[in-house]
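# Understanding the architecture of this molecule
Here is how the chains run, residue by residue.
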Amino acid sequence: MMKRKWILILPSIVFGCSILYNCSRHQVNILAFMPKFSILQSSIAQFKSDSQQKSKSIPKPLSEVESIYWTLAEYHQRSQLGSFNSSTKARNSRYYILDSSANFSTGDILRVFVETFNQLGQKQTYGGDFLIARAFNTDLQAGVKGSVLDMNDGSYLVTFPLFWQGNTRISIRLYHSAQAAAVIRKLRENYPHRMAYRGIFISQGQRETSDCYFEARHPGPICDFSDLNSGVQWICGKPPSLSCDYFRHMENYLNESNILSKDEEMLLESSNILTEVTPGGAASVFVHKKDLKSTFAQCHIQSLKPSSFSGFFLNNRWIPSHCQMQYFDSPDKTVQCLKGKKVFLIGDSTTRQWWEYLLHHIPSLKAVDVGRHEWYSEHLAIDVANDIVVQW
């Protein structure tokens, strides 16, 4: 019998971190800020060196987690609580395309300067805002993310690689101001149990509930659903009359009461999240085609490496910037890739969509009834002829 190959597909979390860059509002002289940028690079290098020395004594996975934590801690030290009026307002802020009248070609880098102002129209003098930037062309179904550099003085430099020929529009959004980020951090650190969980136990029409926790802090009898393999604890209080065997599913709810001030609530209102920064001039450039003679090897499975520009979308298809991707646009190609393999999809409902897509994409792949039909239950599909198993 053919030896099975195992594939584990995990959703990746991509974290984008801002450092900073400084320019003037109307005239931008990049060379004038190179000494300041060099000092920043030296500080980052020293921080990385300290982190590497500290991580030598712990296993690599934990070292990577610790490195991310300290990077976040370092970044959030710049965020501070403040009044709503002192927070950055996207509509009052401006972005400017540097050298907007220049001739751009594919392969070039487009630079955009962002200057932020608060709710009262006053210029910000510190950074820490969470900005999301993208360049796009709706007609070509093309898009690429921008890399945001923060100089911690209220100004930012956003860079975009130019991958496609034609018009390229710019969008820069303020996801959260520095003040809103500080509120979120406060909630996370001071109120870790705001999101509470309730276990549902059902038997013969009888339904009972009990609170569930990530640690054993329930005062009475418990149902221990901890995972011994991973070491993750999951404890629910035992329901009044039903046994632990009748646990069926969970639900979550907010466990809070007036823990935010009025200003803090305003910072987190939906109208102040993911708002567009106003262009101070041109909002797009035209990109000419340049024949690039570089060739790339075919993409292969490898560990994820941090990259500012890992690729872009064109014609609604992802194109990596460092290798040639193989596309499985027909059922036959997909079957040849998955033949003789078990595919485990581990994640939330977004990951489950891959299971649903493969089920519709491969005619010979059939869903198997596992006896539970909730949306969160195990989903299993098997292609007997091609020895394929897909499980979410």
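In this report, we go over the structure that sits alongside the text. Note that the structure is a prediction, hence the values are computed from the model and not measured.

## Considerations on the overall build of the protein chain
In terms of regular secondary structure, the protein chain is built from six helices and 24 strands. Buried residues in the protein chain amount to 33% of all 392 residues. Put simply, 69% of the contacts in the protein chain that link residues at least 6 apart link residues at least 24 apart. Within the structure as shown, the protein chain displays about 24,500 Å² of accessible surface, and the carbon and sulfur contribution to it stands at 54%.

## Comments concerning the pairing of strand E24 (residues 388–391)
The sheet contact formed by strand E21 (residues 341–345) and E24 spans three bridges and is parallel. Paired with valine 343 across the strands is valine 390, a residue of E24. Turn length for the strand E23 (residues 380–383)-E24 hairpin, with the two strands adjacent in sequence and antiparallel, is four residues, and the turn residue aspartate 387 shows positive phi of about 55°.

## As for unusual backbone geometry
As a rule of thumb, non-glycine residues mostly have phi less than zero, and peptide bonds are mostly trans rather than cis. In this model, aspartate 99 sits at a positive phi of 55°, which is unusual for a non-glycine residue. Its identity as a non-glycine residue notwithstanding, aspartate 387 has a phi of 55°, on the positive side.

## What about the nonpolar core?
Among the nonpolar cores identified, the biggest contains 26 residues, and Tyr95, Leu110, Val112, Val158, Phe160, Ile170 and Ile172 are the most heavily contacted of them. Of all elements in the fold, only strand E3 (94–97), strand E5 (109–115), strand E6 (130–137), strand E7 (142–145), strand E9 (155–161), strand E10 (166–176) and strand E18 (284–288) reach the threshold of two or more residues within this core. Filtering out sequence-adjacent residues up to four positions away, leucine 110 remains in contact with Ile97, Phe104, Val158, Thr159, Phe160, Leu162, Ile170 and Val285. Counting twelve residues, the second-largest nonpolar core is a separate cluster that includes Leu338, Trp355, Leu365 and Ile388.

## Focus: the environment of serine 177
Locating serine 177 in the fold gives a position in the loop between E10 and helix H3 (178–190). The sequence separation of serine 177 and serine 87 amounts to 90 residues, and the corresponding C-alpha distance is 6.1 Å. Excluding its chain neighbours within four sequence positions, the residues that come into contact with serine 177 are Ser87, Thr88, Asp129 and Leu267.

## Quick word on the state of the cysteines
Scanning the model with the defined rule gives two disulfides in all. Between the sulfur atoms of cysteine 212 and its disulfide mate cysteine 236 the distance is 2.0 Å. When the S-S torsion is 105°, as for the bridge of cysteine 212 with cysteine 236, the disulfide is right-handed. Highlighted residues: cysteine 212 in strand E12 (residues 206–213) and cysteine 236 in strand E14 (residues 235–237), separated in sequence by 24 residues.

## A look at the pattern of salt bridges
Within this structure, the stated rule accounts for nine salt bridges. Residue arginine 173 pairs with glutamate 276 through a salt bridge whose shortest N-O separation is 2.8 Å. Linking arginine 173 in strand E10 with glutamate 276 in strand E16 (residues 275–276), this pair joins segments that are 103 residues apart in sequence. Residue classification places arginine 173 among the partly exposed positions, given a relative accessible area of 31%. You can call glutamate 276 partly exposed: its relative accessible area is 37%. In this structure, the salt-bridge partner of lysine 333 is aspartate 329, at a minimum N-O distance of 3.5 Å. Of the residues examined, aspartate 329 reaches a relative accessible area of 48% and is grouped as partly exposed.

## Some details on helix H6 (residues 349–361)
Counted at 1.5 Å a residue, the expected span for H6 with its 13 residues is 18 Å, and the 18 Å between its end C-alpha atoms agrees. Of the residues making up H6, those classed as buried are Thr351, Arg352, Trp355, Leu358 and His361. The inward-facing, buried residues of H6 abut helix H5 (331–338), E21, strand E22 (366–368), E23 and E24. Its side-chain oxygen 3.0 Å from the backbone nitrogen of threonine 350, aspartate 348 forms the N-cap of H6.

## Some details on the packing of aromatic side chains
The final tally for this structure, using the stated rule, is eleven aromatic pairs. Ring centres 5.2 Å apart and planes at 20° place the aromatic pair phenylalanine 130 and tyrosine 175 in the stacked group. Separated by 45 residues along the polypeptide, phenylalanine 130 in strand E6 and tyrosine 175 in strand E10 bring together distant segments of the chain. Judged by its relative accessible area of 31%, tyrosine 175 falls in the partly exposed class. Through successive ring pairs, a cluster of aromatic residues spans Phe163, Trp164 and Phe312.

## Things to note about the side chain of serine 87
Here serine 87 is to be found in the loop between helix H2 (60–76) and E3. You can call serine 87 buried: its relative accessible area is 1%. Leave out the neighbours within four places in its chain, and serine 87 touches Phe117, Asn118, Gln119, Gln124, Ser177, Gln179 and Leu267.

Conventions and cut-offs
Residues numbered from 1 in each chain as written. Predicted model: local features only at pLDDT ≥ 70, side-chain atom pairs only at ≥ 80, totals over all residues. Heavy atoms only, no water. Helix = DSSP H or I, 4+ residues; strand = E, 2+ residues; numbered from the N terminus. Buried < 20%, exposed > 50% of the residue type's maximum accessible area, 1.4 Å probe, protein only. Contact = heavy atoms within 4.5 Å. Areas by Shrake-Rupley, 256 points an atom, 1.4 Å probe, with all protein chains shown as cover. Pairing = 2+ DSSP bridges. Core = buried A, V, L, I, M, F, W, Y, C linked by side-chain atoms within 4.5 Å. Disulfide = S-S within 2.5 Å. Salt bridge = Lys/Arg side-chain N within 4 Å of Asp/Glu carboxyl O. Expected span 1.5 Å × (residues − 1). Polar contact = N/O pair within 3.5 Å; in protein donor to acceptor, adjacent residues only side chain to side chain. Phe/Tyr/Trp six-rings, centres within 6.5 Å; stacked < 30°, edge-to-face > 60°.

Purely spatial values, then, with no claim about function.
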